[in-house]
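Structure assessment
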Amino acid sequence: MNRSEREAAARRIMERTAPAVPPDLCSNAVRRGGRMLRRRRAALRLMWLLMFAATVAFVVWALMARPWVEPPSEVTPPLTGW
């Protein structure tokens, strides 16, 4: 396809009438957009709630298990010097 054919094809496309837009397109778009925003907001709230619950669970576990403290020895040291 050479340049003149491409230009002719582009002109034919631009000279066509625009397709008819459905009359309820705007209302449907607004309704779907609102629904998407509500779902996104709910997902974000759920994510923050889960992160808060995980943080609380970790803090409670850390306070109960105290992983920073060295565990007591299970073997008694040998007795010398009697």
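Residues numbered from 1 in each chain as written. Predicted model: local features only at pLDDT ≥ 70, side-chain atom pairs only at ≥ 80, totals over all residues. Heavy atoms only, no water.

The chain goes by DUF3040 domain-containing protein in an unreviewed UniProt entry, where it is assigned to Streptomyces cinnabarinus.

Between its terminal C-alpha atoms helix α2 (residues 25-65) stretches 59 Å, which fits the 60 Å expected from 41 residues at 1.5 Å a residue. Just beyond α2, the residue with positive phi is Arg66, at close to 45°. (Helix = DSSP H or I, 4+ residues; strand = E, 2+ residues; numbered from the N terminus. Expected span 1.5 Å × (residues − 1).)

What follows concerns the pattern of salt bridges. A side chain of one charge can pair with a side chain of the opposite charge if their charged atoms are brought near each other. Scanning the model with the defined rule gives one salt bridge in all. A salt bridge links Arg3 to Glu7; its shortest N-O distance comes to 3.0 Å. Taken together, the residues Arg3 and Glu7, both in helix α1 (residues 3-15) and four residues apart, mark about one turn of the helix. Look at Arg3 and you get exposed, because its relative accessible area is 60%. Of the residues examined, Glu7 reaches a relative accessible area of 33% and is grouped as partly exposed. (Salt bridge = Lys/Arg side-chain N within 4 Å of Asp/Glu carboxyl O. Buried < 20%, exposed > 50% of the residue type's maximum accessible area, 1.4 Å probe, protein only.)

When the UniProt feature table is mapped to this numbering, "transmembrane region" (unreviewed entry) covers residues 42-64. In residues 42-64, helix accounts for 100% and strand for 0%; the two terminal C-alpha atoms are 33 Å from one another. (UniProt positions renumbered as here; feature names shortened; annotations may be inferred.)

So, about the environment of Trp61. By the secondary structure assignment, Trp61 is in helix α2. Residue Trp61 is classed as partly exposed on the basis of its relative accessible area, which comes to 46%. Placed 20 residues apart in sequence, Trp61 and Gly81 show a C-alpha to C-alpha distance of 43 Å. Contact partners of Trp61, with chain neighbours within four places excluded, come to Arg66 and Pro67. (Contact = heavy atoms within 4.5 Å.)

Moving on to a positive patch on the surface. A contiguous patch of positive charge, built from Arg31, Arg32, Arg35, Arg38, Arg39, Arg41 and Arg45, is present on the exposed surface. The topology assignment puts Arg32 in helix α2. (Patch = residues over 30% accessible without salt bridge, like charges linked within 9 Å, V, L, I, M, F, W, Y side chains within 5 Å. Areas by Shrake-Rupley, 256 points an atom, 1.4 Å probe, with all protein chains shown as cover. Lys, Arg positive; Asp, Glu negative; His and termini not counted. Charge placed at Lys NZ, Arg CZ, Asp CG, Glu CD.)

For Arg66, which is not a glycine, the phi torsion comes out positive at approximately 45°. Here Arg66 shows up in the segment after α2.

This next bit is on the packing of aromatic side chains. Aromatic ring pairs: the centre-centre distance and the angle between the two ring planes describe each pair. This model, assessed by the stated rule, comprises one aromatic pair. Look at Phe58 and Trp61: their rings are 5.8 Å apart centre to centre, the planes differ by 35°, and that puts the pair in the tilted class. One end of the pair is Phe58 and the other is Trp61, both in helix α2 and three residues apart, which spans about a single turn. Taking relative accessible area as the criterion, Phe58 reaches 53% and is therefore assigned exposed. (Phe/Tyr/Trp six-rings, centres within 6.5 Å; stacked < 30°, edge-to-face > 60°.)

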